[in-house]
Amino acid sequence: MFSGKRFSFDNIPDLSGKVAIVTGGNTGIGFVTARELARKNAHVFVASRSKDRGEPAVELIKKETKKDAVEFLQLDLQSLNSVKLAAETFLARNLPLHILVNNAGIMATAFEKTPDGIQDQFGVNHIGHFLFTLLLLPTIKASAPSRIVNVSSNGHHRAPPAGIEFEKLNDPNAHNSIQRYGQSKLANILFTIELNKRLSGTNVYCNSLHPGAIKTELTRGIVANWGSWTKPIISIIQLFLLTPDDGALTQLYCATSPEIEEKNFRGKYFVPFGEIEEPSAQGKDEELAKKLWDFSENLIKEKLGDDIFSKCYA
Ligand SMILES: NC(=O)c1ccc[n+]([C@@H]2O[C@H](COP(=O)([O-])OP(=O)(O)OC[C@H]3O[C@@H](n4cnc5c(N)ncnc54)[C@H](OP(=O)(O)O)[C@@H]3O)[C@@H](O)[C@H]2O)c1
């Protein structure tokens, strides 16, 4: 790590007694986030879609940090039932939850629908995290002071003209793959705004962020969608990108820095390395945020039943 950043791993406070979940904690900046939380004594759950990639990551974190309180939690954000089961599995442990980092994501994939019939980037990046967060919310509230960190992207500036074009979400011809990514990442910011409003009066601090442009596996969606000719171009671009260690700093800042509580940072959008920035005009649209919340709730109720959120607002 080079100097000049306003936040570094050394600034993470001791997290003894804290419990954290990091979605997509098996690779990329999610892995680094889980590893550094564990290094500072948090009990960390690596929430990951496959055992094959999740369990080795857990073992590696244990080895690198010499900490044992690291566990795998099976979570496939593509499947609402898997999200529900993951939340239930965690809740059955009767642990507190102080830090939820909604980090997992896919980018620029070819148009596909999830098994629940939801466009994949919107489904994985937004809807899955929306459900996961709400199912965990009573525990997060009961564990306050606590944090919810939604990993967005400056790619949210690429969302289509209306921001979230609800009626076109499942139209394969309405948007290109980058617009679909932008739309899902805008949804992360809008979810943060509305959730933060609903958390008013609590000690739950919910923020979103752009982590920087980082050399990770995120570009695999582009290669699979556009073809292997993109590989050498991506390799050259990646020479100029942040390392995953530096890319994880902004979400680690949101998840752990005492400044978040001292300065009462809520509903903010952060950029490297823990600076506040204004998102796009759409990313500040409170009406759109409310509309997205209602749309997401209704969509999930349609798939999982009307009582799915019955315990979430306790
Ligand atoms: N890299 C960048 O330059 C950049 C820039 C802006 C924002 N971001 C955001 O940063 C976050 C982390 O990305 P990254 O760069 O670290 O990418 P990455 O290396 O590709 O990691 C993405 C993680 O998400 C997981 N994931 C994907 N689909 C999932 C699903 N259906 N259920 C559960 N987990 C799933 C992946 O699991 P598997 O390993 O099993 O596939 C992996 O753990 C994303 O939200 C991304 O949008 C990244």
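Attention here is on the structure that accompanies the text. (Residues numbered from 1 in each chain as written. Predicted model: local features only at pLDDT ≥ 70, side-chain atom pairs only at ≥ 80, totals over all residues. Heavy atoms only, no water.)

Right, let's talk about the side chain of E297 for a bit. Structurally, E297 is set in helix 11 (residues 286-304). We note that E297 is buried and unpaired, the nearest opposite charge coming from K301 at a distance of 4.3 Å. In this structure E297 touches F130, F309 and Y313, once residues within four positions along its chain are discounted. (Helix = DSSP H or I, 4+ residues; strand = E, 2+ residues; numbered from the N terminus. Buried < 20%, exposed > 50% of the residue type's maximum accessible area, 1.4 Å probe, protein only. Lys, Arg positive; Asp, Glu negative; His and termini not counted. Salt bridge = Lys/Arg side-chain N within 4 Å of Asp/Glu carboxyl O. Contact = heavy atoms within 4.5 Å.)

Every one of the 30 residues lining the ligand counts as a neighbour, but N26, R49, R53, Y181 and T216 are closest to it. Residue N26 places a side-chain N or O atom 2.7 Å away from an oxygen atom belonging to the ligand. Within the backbone of L77, one N or O atom sits 2.9 Å away from a nitrogen atom of the ligand. Protein contact buries 96% of the 890 Å² of open area that the ligand shows by itself. Contributions of two or more residues to the shell around the ligand are made by helix 1 (28-39) and helix 5 (177-198). For the shell around the ligand, the per-class residue count stands at 12 nonpolar, 12 polar and six charged. (Near = heavy atom within 4 Å. Polar contact = N/O pair within 3.5 Å; in protein donor to acceptor, adjacent residues only side chain to side chain. Areas by Shrake-Rupley, 256 points an atom, 1.4 Å probe, with all protein chains shown as cover. Nonpolar A, V, L, I, M, F, W, Y, C, P; charged D, E, K, R; others polar.)

Moving on, we come to the nonpolar core. I21, F132, L136, I164 and L195 are the most contacted members of the largest nonpolar core, which has 51 residues in total. Within the residue set of this core, elements represented by two or more residues are strand 1 (19-23), strand 2 (43-48), helix 3 (80-91), helix 4 (120-142), helix 5, strand 6 (204-209) and helix 11. V22, V58, V70 and F273 belong to the second largest nonpolar core, which has 37 residues in total. (Core = buried A, V, L, I, M, F, W, Y, C linked by side-chain atoms within 4.5 Å.)

A few words now on the sheet that holds strand 5 (residues 146-151). Here we have eight strands laid out as an open sheet, ordered 3-2-1-4-5-6-7-8, and mixed in their pairing. Only two strands of the sheet have a single partner each, and these edge strands are strand 3 (70-74) and strand 8 (275-276). Alignment of strand 6 against strand 7 (residues 269-271), held across two bridges, turns out to be parallel. By the bridge assignment for strand 7, L209 is matched with F270. Packed on one face of the sheet, helix 4 meets strand 1, strand 3, strand 4 (99-102), strand 5 and strand 6 and runs near 170 degrees to strand 4. (Pairing = 2+ DSSP bridges. Axes fitted to C-alpha atoms, helices over the stretch in contact; angles between N-to-C directions.)

The tally for this structure, following the rule as stated, stands at 18 salt bridges. The partner of E36 in a salt bridge is R35, and the shortest N-O contact between them spans 2.7 Å. Summarising the burial analysis for this pair, E36 and R35 share the class buried. In this structure, K84 engages E88 in a salt bridge whose closest nitrogen and oxygen atoms are separated by 3.3 Å. Here the residue K84 and the residue E88 both occupy positions in helix 3, the gap between them amounting to four residues, near one helical turn. One connected set of salt bridges, linked through shared partners, spans R35, E36, R39, E64 and D245.

As enumerated under the stated definition, the model contains 10 aromatic pairs in all. Ring geometry for F122 and F295: centres 6.3 Å apart, planes at 70 degrees, overall edge-to-face. Taken together, the residues F122 in helix 4 and F295 in helix 11 connect sequence positions 173 residues apart. For F122, a relative accessible area of 1% gives the class buried. (Phe/Tyr/Trp six-rings, centres within 6.5 Å; stacked < 30°, edge-to-face > 60°.)

With that settled, consider the pairing of strand 1. Along strand 1, five of the five residues are buried, which leaves the element largely enclosed by surrounding structure. Residues V19, I21 and T23 line one face of strand 1 and the alternating positions A20 and V22 line the opposite face, and both faces are buried. Pairing of strand 1 with strand 2 involves five bridges; the strand directions are parallel. Across the sheet, residue I21 finds its bridge partner in strand 2, namely F45. The β-α-β motif built from strand 1, the intervening helix 1 and the parallel element strand 2 has right-handed crossover chirality. (Right-handed = clockwise from strand over helix to strand, strands pointing away.)

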